[in-house]
Amino acid sequence: PPPPPPRKSNKRKKVLFLISDTGGGHRASAQALEAALRELHPGALDTATVDIWTKHGPWPFNTCVAGYQYLAKRPFLWRAVWYYSVLPPTRALTSLWARLAGAGPRFRACLESEAPDLVVSLHPLTQEIPLRELRALRKRWGRPVPFVTVVTDLGSAHPHWFHKGVTRCYTPSDRLARVARRRGLSTDQVRTFGLPIRPPFWQDSKSKAATRRALGLRADLQTVLVVGGGDGVGGLGAIVRSVARVAAERRPGAVQVVAVCGKNEALKARLRSHPWPKNVSVSVQGFVTQMSDYMTAADILVTKAGPGTIAEACARRLPVMLSSYLPGQEAGNVPFVQQAGFGTFKGEPIDIATGVVDWLSDESLLERLSANAARAARPRATYEIAGDIGELLFGTKPVIPKGTLELSTSL
């Protein structure tokens, strides 16, 4: 097909978000950035979000979402695949395999169909081949098309995140900014604002008591929120049972536990039918959309070491007990939380429960953990990244709304 004509400056700009739905964080970050861009540039944008490997990739690469879901429940296999994917020879071999299988022409067709003014990559595997195809299309279209990467990992990151051909690379922490520069990106390419978080977390939280009542919880009880991601994985059932048992023994009548099972309907049914101790309150939820409210209501969060959840917990001043992590991908998030002083990692349900109840029993410690979480928070990150992207699109930086917590740049 003939190339599309150059876009005129008075036309709406098209932003294309490239993701893979291997975990919920990549799409959530894309949605957050889209919302911020639309708020900063009302009526000036068209957007599209594409899981490019699933929709346009050749077999077997178009099955990576199902592969992720399978491997995420089997850490030993995940570890093997992760370390295979980070070694330079195997990275090069896999990239060659994808290109020989036809990923290049398929991705080029996607880019031609979308005809973006700017591309935002939010996955480590949506850099190399899309960039290669975009370079050729820029020449045909006769116009620049900036390509930016938004790193959605936190304490550690896959080498594929960092490509020297990008216009910008937005890193969530100074630690990963240093990694980006070590991998050859220039200081001008790297920007550090934080991790994009969902719109409800952009603003200051409401009161705990009022939020608990609105969620149907007891306003007067200490609250432990236990989550396992959108798929409800990470040994969540055993953790909830242990926390409830230890809380009933050591703080009878003082604690309520909220379990968010995500899309795991079988786990939700099992927990709802479980005979809980009478002196602890347990609320079992499935997939929830008001996670900001549940974090506001909580005193402690128990979660696997997903980067988005950790960033959102910081925005809600929430101490974090990490219960599991994916080897390689999420391993760096554990020292990130520990060194910032707002949480720790325990691998066994009884150790998690004991640690959580220890925190609940020490008010001054709980306050210190909460203050450290607030210091690590970067709730304006989504606006800051969107503002910088807007400057690439329109030539001027928009005014960022006030009213959120100040940025931290220390981590």
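Up top is the structure.
In what follows, the accompanying structure is described.

1. Brief notes about empty space enclosed by the protein
Taken as a whole and assessed by the stated rule, the structure comprises 2 cavities of 30 Å³ or more. Taken as a whole, the largest cavity spans an internal volume of roughly 120 Å³. Around the largest cavity sit 12 residues that line it, and Leu154, Leu195, Ala311, Ala376 and Arg378 are the ones nearest its centre.

2. Quick notes on the environment of Ala72
Mapped onto the elements of the fold, Ala72 is located in helix α3 (residues 64-72). Along the sequence, Ala72 and Pro327 sit 255 residues apart, while their C-alpha atoms lie 9.5 Å from each other. Every residue in contact with Ala72, bar those within four places of it in the chain, is listed here: Trp78 and Leu326.

3. Let's talk about the layout of surface pockets
In this structure, the second largest pocket occupies an estimated 920 Å³ of space. Residue lining of the second largest pocket: 33 residues in total, with Cys64, Val81, Ser85, Thr94 and Leu125 positioned closest to the centre. Secondary-structure elements contributing two or more residues to the lining of the second largest pocket are α3, α4 (75-86), α5 (88-100) and α7 (128-141). Counting residues per element, the lining of the second largest pocket draws most heavily on α5, which supplies 6 residues. Taken together, the residues of the lining of the second largest pocket sort by class into 17 nonpolar, 13 polar and 3 charged.

4. Topic: the sheet that holds strand β11 (residues 320-322)
Spatially, 6 strands are ordered β9-β8-β7-β10-β11-β12 in an open sheet, and the strand pairing comes out parallel. Every interior strand has two partners, whereas the edge strands, β9 (281-285) and β12 (343-345), have only one. Taken pair by pair, the neighbouring strands of this sheet meet at an average axis angle of 15°, ignoring direction. Judged from the 6 bridges that link them, strand β7 (residues 222-227) and strand β8 (residues 255-260) form a sheet pairing that is parallel. In the strand pairing of β8, Gln222 is matched with Val255.

5. Focus on the packing of helix α1 (residues 25-40) against helix α17 (residues 381-394)
Angle between the axes and distance between the axes are the two parameters that describe a pair of packed helices. As a packed pair, α1 and α17 sit with axes 9 Å apart at the nearest point and diverge in direction by 60°. Relative to α17, α1 is oriented so that their crossing is right-handed. Between α1, through Ala32, Leu33, Ala36, Leu37, Glu39 and Leu40, and α17, the contact on the second element is made entirely by Thr382, Tyr383, Ile385, Ala386, Gly387, Ile389 and Gly390. Residues of the contact of α1 with α17, tallied by class, amount to 9 nonpolar, 3 polar and 1 charged.

Thresholds applied
- Residue positions are counted from 1 within each chain, in the order its sequence is given.
- Predicted model: local features are reported for residues with pLDDT of at least 70 only, side-chain atom pairs are reported and counted for 80 or more only, and whole-chain, interface and lining totals are derived from all residues.
- Side-chain numbers come from the whole structure's heavy atoms, not from hydrogens or water.
- Detection works on a 1 Å grid of protein atoms alone, calling trapped sets that fit a 1.4 Å probe cavities and calling open sets with protein on both sides within 12 Å along at least five of seven lines pockets, with lining residues defined by an atom within 4 Å of a point.
- Grid points are joined across faces, edges and corners, and a volume is the space filled by probe spheres set on the points.
- Only DSSP runs of H or I covering at least 4 residues are called helices, and only runs of E covering at least 2 are called strands; the numbering of each starts at the N terminus.
- Here, residues are in contact when the closest pair of their heavy atoms is within 4.5 Å.
- Gly counts as polar in this scheme, as do all residues outside two lists: the nonpolar Ala, Val, Leu, Ile, Met, Phe, Trp, Tyr, Cys and Pro, and the charged Asp, Glu, Lys and Arg.
- Two strands form a pair only when DSSP identifies at least two bridges running between them.
- Geometry is summarised by axes, namely lines fitted to C-alpha atoms with helices restricted to the contacting stretch, and by angles between N-to-C directions that run from 0 to 180 degrees.
- Two helices cross in a left-handed way if the nearer one is turned anticlockwise from the farther one by less than a right angle. They cross in a right-handed way if the turn is clockwise.

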